[in-house]
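A closer look at the structure
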Amino acid sequence: MSHVGVGPRAVMRAVAFLTTGVLAVPALAGCTSEDPAGKPLAEQDVAAAARARISDGGTLRWAVDSVPDTLNAFQSDADATTTRVAQAVLPSMYRMDETGSPVRNPDYLESAEVVDTEPKQVVVYKLNQQAVWSDGREIGAADFAAQWRALSGKDSAYWTARNAGYDRIEKVERGANDLEVKVTFSRPYADWKALFTPLYPKDVTGTPDAFNDGARRALKVSAGPFAVKKVDTKGDQVVLTGNPRWWGEPAKLDEIVLRAVPRDERVSELVAGKLDLAEIDPETADEVTLAAGPRDPATGTPLMGPGGTPAAGPQGRSAAEALRSWAIANGSDEEAAEEEVLAREERGEAEAKARRRQQALSGFELRKSLEPAYTQLALNGAEGPLADERVRRAVARALDREELAEAVLKPLGLPAEPVGSHLALSGQPAYADGSGALGEQNAKEARALLADAGWVPGGPVKKKDGEEAAGAEKDENKDEDKKDEEKSEGGDDGTYIVGEDDKNKDDENKDGKNDDGGNDDAGDAKDGADRESGEKHSSGKNTAQGGAPGAYAPKGTAAPAGAAAAPLAKDGKELTLRFVLPSGPGSGTLRTVADRITDMLKEIGIGTRITKVPDESYFKDHIAAGEYDLALYSWPASAFPATDARPIYAKPVPAADGSLNVAQNYTRVGTDQVDQLFDRALATLDQKESRDLLRKADSRIWAAAGSVPLYQRPQLTAARKNLANAGAFGFGTPVYEDMGFLKKGAQGSRPTAPASPSPSS
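We now turn to the structure provided with this report.

Scanning the protein from N- to C-terminus turns up 18 helices and 24 strands. The proportion of buried residues among the 761 residues of the protein is 50%.

Printed below as a string of structure tokens:
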């Protein structure tokens, strides 16, 4: 499952200084002669082809995660499929290019300019004179005005997700003629290009009833190369068909069918020939790559395995194994021979099935890039140990972000560079590596921060009945992740504490019960544990204090590099953090990253309690609800970070009912200074000044250590080999009218390798 925090930018992007005072923030990006934005780390991979080489007609079957609950992108339950439909059927004043920057969409907009800044900012849009809605009406000021009124926040009858930008508009009116729209702002707004994309017809935005319910399951009026034919909830698909009133380049495809297919079922649907395009997981990507490789003309088997390794021999077995099997089947031991013959028949059937599967997948290829989103480690600073900024900074300083990025991206052949900004990705104009405000990985300094916060190795650990370690959840869900429960020796509930998996089973509590209150041979972690070295003798005695004979380093001697540090304690409680992870089949990458993070934290004495929860409750019941200490989830990149990132990093404020209004700041960490920098970046029309202010804000977000960006997410797509202009889009907005199937003999172009990153300052 993809855990990007939230849906489209039109809805939400959902999902500082040291508070104690002195922090030397390094020289900020923008002060050097080189552009710190650099270049995108990977190119689009869409098999680009000229329209003349693409056949007219055909249906593209495209896998999506869900059939959307609404087609209104400005409602709170809109999702990624809502955005995909809107891109294909509705006007967009600006679209994203390959660097994630907004560029004018000439199909709708001839020009858009800021014509006045004093006394107020005024923007004039000049529309394409051919642009019409599917009912024949011209796109004009009435549509702009209706959308502004619906999203301004002044009328609570409209059920909108947010009103960012629209709340700064004073009025929308007709310009010099019907093709001009004049927008006057009450306050300066740097991200004005974010507005009116997508643009809905006034039929949808004109009244609260139409806005709230009129575009949930149908869009009767549209204005894109495609139109919505039907939303089939029973068939789990949305069908788009060509718009006969489209004035731009005609769509090459007759239809696009967006089919809701779970990630773990997509490879089967590809094999069955029911899909042409699908985002896939790394395991399926390996299978597609293998099937698409060169094959033996006689047997049809791949000549090379994944990663360029030689493919297996006949029937996927080595020559030695095949010879041994033949010898047994033809040997004098009749019983063994009969068993081997049956086994060979079963293997033959399985291998024939595998060959058919590979043959079916040979019509596809892997198209890969980096998704315009990044995965972060979130640290919940609302309460517990992580409410202390020093502890958060220690956690962040313990992480080897390069190692984590390599673990995810290097096996996929993608650039493995850690993300250096919370607000933009490499290649975007606002990007600059601000991680220097936090500092590089340094376990020694991380331990010093913890010591300064009062967390020290060893010491007595006082635990009352029913009390958890510091940061631990009060109630673990014992019905979750049954497979892990079956595998665990103690039949646990899917939760374990890193650093306690070597408990001696002969070391028992006095009452013969474990920490959960159940009878178990495993003893309490406190008994027999060496708080200085973390080691125990097989007898359960403390060997570091003279229990068993042997040589010991003097007390205080540093542990070998990479060795786990002694557990830390404060006020009688161990430093143990809740690490909440999704348990679904598509979350293997997150769990791999989590395992590495727990090892890194163990080296500085921090224990980690991992809890796996169902995918459907992961974000709502844990991340948004604040029921976690550590978590991994992703945020999409935005071309308008001053608008879209502000609610993610804004300082939480008390609500009228006494609760805390966190907006989208699920780490609950924020400062007034960061808020002020966002406000200033949003209010200046000088693009360079706005970028510099955003980079300063990012440095302070790094310093507060509420979240740690790790890596840009991989984008892996299986595409039918003759499908052009579709695949791994990277930053760019898809051009739906150019997608189609190649004519016979034609080929699409593919990048030979990911783009090399430029040096960053």
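Before going further, it helps to examine the pairing of strand 22 (residues 707–720). The buried fraction of strand 22 amounts to 13 of the 14 residues, a majority that puts the element mostly inside the structure. Pairing between strand 11 (residues 277–279) and strand 22: three bridges, direction antiparallel. Bridge pairing in strand 22 links Glu279 to Thr717. Pairing analysis gives 12 bridges linking strand 12 (residues 364–379) to strand 22, with the strands arranged antiparallel.

Take the packing of helix 17 (residues 672–683) against helix 18 (residues 687–704) next. Closest axis-to-axis distance for the helix 17/helix 18 pair is 8 Å, and the angle between their directions is 165 degrees. By the criterion of interaxial angle, the relationship of helix 17 to helix 18 is roughly antiparallel. Here helix 17 and helix 18 pass one another in a crossing that is left-handed. For the pair helix 17 and helix 18, contact is made by Val674, Leu677, Phe678, Arg680 and Ala681 and by Ser690, Leu693, Leu694, Lys696, Ala697, Arg700 and Ile701, respectively. When grouped by side-chain class, the residues that make up the contact of helix 17 with helix 18 number eight nonpolar, one polar and three charged.

Here the structure, examined in full by the defined rule, presents 33 salt bridges. Across the pair Asp672 and Lys651 runs a salt bridge, and its minimum N-O distance is 3.5 Å. Remark: Lys651 occurs in the loop between helix 16 (646–649) and strand 20 (653–654) and Asp672 occurs in helix 17; sequence separation between them is 21 residues. Relative accessible area serves as the criterion here: at 44%, Asp672 is assigned to the partly exposed category. Look at Lys651 and you get partly exposed, because its relative accessible area is 35%. Salt bridges sharing partners connect three or more residues here, namely Asp65, Arg263, Arg266 and Glu279.

With that out of the way, let us pick up a negative patch on the surface. On the surface, Asp333, Glu334, Glu335, Glu338 and Glu339 cluster together into a patch of negative charge. Along the polypeptide, Glu339 turns up in helix 8 (residues 334–361).

Of all seven residues making up strand 17 (residues 576–582), seven are buried, and the element is well covered by its neighbours. Here strand 17 shows no split at all, with Thr576, Arg578, Val580 and Pro582 on one side and Leu577, Phe579 and Leu581 on the other all buried. Pairing geometry for strand 17 and strand 18 (residues 607–613), over seven bridges, is parallel. What sits directly across from Thr576, in strand 18, is Gly607. Read from strand 17 through helix 13 (residues 588–602) to strand 18, the crossover connection turns out right-handed. As paired elements, strand 17 and strand 19 (residues 630–636) share two bridges and run parallel to each other. Across the sheet, residue Val580 finds its bridge partner in strand 19, namely Ala631.

Once that is clear, we can look at the sheet that holds strand 16 (residues 573–574). Read from one edge of the open sheet, three strands run 13-15-16, paired in antiparallel fashion. Edge positions in the sheet fall to strand 13 (456–457) and strand 16, since each of these pairs with one other strand and no more. Inspection of the sheet shows strand 15 (residues 568–570) paired to strand 16 by two bridges, in the antiparallel sense. Along strand 16, the bridge assignment pairs Lys570 with Lys573.

For the rest of this paragraph, the subject is the side chain of Gln147. Within the secondary structure, Gln147 sits in helix 2 (residues 141–151). Residue classification places Gln147 among the buried residues on the basis of a relative accessible area of 0%. Not counting chain neighbours up to four residues away, the residues in contact with Gln147 comprise Phe74, Tyr166, Phe196, Pro198, Leu199, Tyr200 and Thr205.

With that out of the way, let us pick up the environment of Leu601. Mapped onto the fold, Leu601 is located in helix 13. With 158 residues separating them in the primary sequence, Leu601 and Ala443 have C-alpha atoms 9.0 Å apart. With near-sequence residues (within four places) excluded, Leu601 lies in contact with Val395, Ala398, Leu399, Ile606, Thr608 and Leu630.

Cis rather than trans, the peptide bond between Glu118 and Pro119 has omega equal to 0 degrees. Note that Pro119 resides in the loop between strand 4 (109–116) and strand 5 (122–127). Along the chain, Thr197 connects to Pro198 via a cis peptide bond; the corresponding omega equals -5 degrees. Tracing the backbone through its elements, the reader meets Pro198 in the loop between strand 7 (180–185) and helix 3 (202–205). The phi torsion at Asp236 lies on the positive side, around 55 degrees, for a residue other than glycine. Overall, the relative accessible area of 39% leaves Asp236 in the partly exposed class. Even without a glycine there, the phi angle at Asn725 is positive, about 60 degrees.

Conventions used here
- Residues numbered from 1 in each chain as written.
- Predicted model: local features only at pLDDT ≥ 70, side-chain atom pairs only at ≥ 80, totals over all residues.
- Heavy atoms only, no water.
- Helix = DSSP H or I, 4+ residues; strand = E, 2+ residues; numbered from the N terminus.
- Buried < 20%, exposed > 50% of the residue type's maximum accessible area, 1.4 Å probe, protein only.
- Pairing = 2+ DSSP bridges.
- Axes fitted to C-alpha atoms, helices over the stretch in contact; angles between N-to-C directions.
- Parallel < 35°, antiparallel > 145°, perpendicular 65-115°, else oblique.
- Left-handed = near helix turned anticlockwise from the far one by under 90°.
- Contact = heavy atoms within 4.5 Å.
- Nonpolar A, V, L, I, M, F, W, Y, C, P; charged D, E, K, R; others polar.
- Salt bridge = Lys/Arg side-chain N within 4 Å of Asp/Glu carboxyl O.
- Patch = residues over 30% accessible without salt bridge, like charges linked within 9 Å, V, L, I, M, F, W, Y side chains within 5 Å.
- Areas by Shrake-Rupley, 256 points an atom, 1.4 Å probe, with all protein chains shown as cover.
- Lys, Arg positive; Asp, Glu negative; His and termini not counted.
- Charge placed at Lys NZ, Arg CZ, Asp CG, Glu CD.
- Right-handed = clockwise from strand over helix to strand, strands pointing away.

Shape descriptors only; they carry no functional weight alone.
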